[in-house]
Amino acid sequence: MYNANTANYAWIKLGTLTMPQEGSTATIRFHGGTGYNAGITQMGQTELYIRTSNGSSMVNGFPFSAYATRTGYIAPVSLIKIIPNVAGAAPTSYDIYIYHGGYVGYSIYEVVTISGAYQRLEQITAAPTQGYDVPFNLTVQNDVNLSNALRTNYTTGNVTIGSPTKKSQLMVNGDIFTNRVKVSTDNWPDYVFSPEFELRPISDLARYITENKHLPDLPAAKEVETQGQDVGEINKILVKKMEEMSLYIIQLDNRMKELEGKLNQKK
């Protein structure tokens, strides 16, 4: 790809792929990077996969499909466009454009196809205004294990970080640092302030605490130790307890004022 060498990111017309319809397939693999310093952060690999249609059907307005995958520390090939030679369902060739980083050096690429042919160009060009924007996807159809640190289960979709003992959709063995956590929940307990809400008498509350050693609605300590806690549900219950406590305080305040009034009458 040295023919398209430049100091800056640029659009490059790579070449023209001639390939018939009827499910013809081609792959284009890019090996290289940007820069001349031999750093690992200047290396990357991209693979483009193209498949034609049956000569009559269209997919997203084009008679072919394509996607690309990338690996490495940078993305030398950051954009790809494919422009067929004619509109409609029966093109016979496709111009391949890539947006590549600066200083391509002696980066190389290879085109693999059985039923087609390829004419190379590697020429810097203006940005194409039309064509198929190739999406960059990476789909793994099996379990993934990254050095026992990050694991994904293809069957269940579970994600595991570290080696936790409990099982869930997302399992993390360690601390989680984040700027914000949002938990959706319904039936927020403002109904406590409704006139229809029956507040538990304080004597019943005292009896419940004596017998159970925890507040009503809240799980016991052993249950939390073995099963964990639902953060959204616990927060909802705590708000309910706080609102009930506010009603108890209002009741006590009213009772205190009532007693003060009676004392003042006796003076």
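What you are looking at is a predicted structure, and each value in this text was computed from that prediction instead of being measured.

Q: Teacher, can you tell me more about the nonpolar core here?
A: Most often, soluble globular proteins keep nonpolar side chains buried together rather than apart. Counting residues in hydrophobic clusters, the biggest one holds 24 residues, and the most contacted among them are Phe 30, Leu 48, Ile 50 and Ile 82. Among the secondary structure elements, those contributing two or more residues to this core are β1 (10-18), β2 (25-33), β3 (43-52), β4 (64-72), β5 (77-84) and β6 (93-100). In contact with Leu 48, not counting residues within four places along its chain, are Ala 26, Thr 27, Ile 28, Phe 30, Ala 66, Tyr 67, Ala 68, Ile 80, Ile 96 and Val 134.

Q: What should I look at first to understand the packing of aromatic side chains in this one?
A: One pair of aromatic rings is described through two measures. These are the centre distance and the angle between the planes. Under the defined criterion, the tally for this structure stands at 12 aromatic pairs. Here the aromatic residues Phe 62, Phe 64, Tyr 94 and Tyr 132 are joined through ring pairs into a cluster of three or more. In this structure, Arg 70 packs its charged tip against the face of Phe 136, placed 3.6 Å from the ring centre. In this structure, Arg 200 packs its charged tip against the face of Tyr 208, placed 5.4 Å from the ring centre.

Q: Sorry, what's going on with the sheet that holds strand β9 (residues 132-133) here?
A: Read across the open sheet, the five strands follow the order β8-β1-β6-β5-β9; overall the sheet is antiparallel. Looking at strand neighbours, the two that pair on one side only are β8 (117-125) and β9, the edges of this open sheet. Pairing of β5 with β9 involves two bridges; the strand directions are antiparallel. Bridging across to β9, Ile 82 finds its partner in Tyr 132.

Q: Can you help me understand the environment of Ile 124 in this one?
A: By secondary structure assignment, the location of Ile 124 is in strand β8. Using a relative accessible area of 40% as the deciding quantity, one classes Ile 124 as partly exposed. Along the backbone, Ile 124 and Asn 3 are 121 residues apart, and their C-alpha atoms lie at a distance of 8.7 Å. The contact partners of Ile 124, leaving out residues within four places of it in the chain, are Ala 4, Asn 5, Thr 6, Ala 10, Trp 11 and Ile 12.

Q: What is the right way to look at the sheet that holds strand β10 (residues 144-146) in this model?
A: Pairing between the strands of a sheet comes from backbone hydrogen bonds, and it takes one of two forms, parallel or antiparallel. Taken in spatial order, the four strands make up an open sheet running β10-β11-β12-β13, and their pairing is mixed. Of all strands in the sheet, those with a lone pairing partner are β10 and β13 (170-172), marking the two edges. Pairs of neighbouring strands in the sheet enclose a mean axial angle of 5°, with direction left out of account. Looking at chain direction, β10 and strand β11 (residues 150-152) are connected through three bridges and run antiparallel. Across the sheet, Asn 145 pairs through a bridge with Arg 151, a residue of β11.

Q: How should the layout of surface pockets be read in this particular structure?
A: It is the rolling of a water-molecule-sized probe over the atoms that shows where space remains empty. Computed from the structure, the largest pocket encloses a volume of approximately 220 Å³. Considering the residues around the largest pocket, the lining is formed by 14 residues, among which Leu 205, Pro 216, Lys 241, Glu 244 and Tyr 248 are closest to the centre. Among the secondary structure elements, those contributing two or more residues to the lining of the largest pocket are α1 (202-212) and α3 (231-266). Broken down by class, the residue content of the lining of the largest pocket amounts to eight nonpolar, no polar and six charged. In this structure, the second largest pocket encloses a volume near 170 Å³. In this structure, the second largest pocket is lined by Pro 164, Lys 166, Lys 167, Ser 168, Leu 170, Met 171, Val 172, Gly 174 and Ile 176. For the lining of the second largest pocket, a count of residues per class yields five nonpolar, two polar and two charged.

The rules behind these values
- Every chain is numbered independently, its residues counted from 1 as its sequence is written.
- Whole-chain, interface and lining totals are the exception, using all residues; otherwise, since this is a predicted model, local features are given only for residues with pLDDT of at least 70 and side-chain atom pairs are given and counted only at 80 or more.
- Only hydrogens and water are set aside when side-chain values are computed; all heavy atoms of the structure are taken into account.
- As used here, the term nonpolar core means buried Ala, Val, Leu, Ile, Met, Phe, Trp, Tyr and Cys residues forming a set that is joined through side-chain atoms within 4.5 Å.
- Categorising residues by exposure relies on relative accessible area from a 1.4 Å probe, with only protein chains included: less than 20% of the type maximum marks a residue as buried, more than 50% marks it as exposed, and the intermediate range marks it as partly exposed.
- Under the scheme used here, helices are H or I runs from DSSP no shorter than 4 residues and strands are E runs no shorter than 2 residues, and both carry numbers assigned from the N terminus.
- Two residues form a contact once any of their heavy atoms are found within 4.5 Å.
- In summary, the pairing rule links any two rings of Phe, Tyr or Trp, Trp by its six-membered ring, whose centres are within 6.5 Å, and it sorts them by plane angle into stacked for under 30 degrees, edge-to-face for over 60 and tilted for everything else.
- Whether a charge lies above a ring is judged from NZ of Lys or CZ of Arg, which has to be within 6 Å of the ring centre and within 35 degrees of the ring normal.
- Here a strand pair is declared whenever DSSP counts at least two bridges between the two strands.
- Axis lines are fitted through C-alpha atoms, for helices just across the contact stretch, and the angle between N-to-C directions can take any value from 0 to 180 degrees.
- Think of a 1 Å grid over just the protein atoms. A cavity is a set of points where a 1.4 Å probe fits yet cannot get out, a pocket is an open set with protein on both sides within 12 Å along at least five of seven lines, and lining residues have an atom within 4 Å of a point.
- Grid points are joined across faces, edges and corners, and a volume is the space filled by probe spheres set on the points.
- Charged residues are taken to be Asp, Glu, Lys and Arg, nonpolar residues to be Ala, Val, Leu, Ile, Met, Phe, Trp, Tyr, Cys and Pro, and polar residues to be all remaining types, Gly included.

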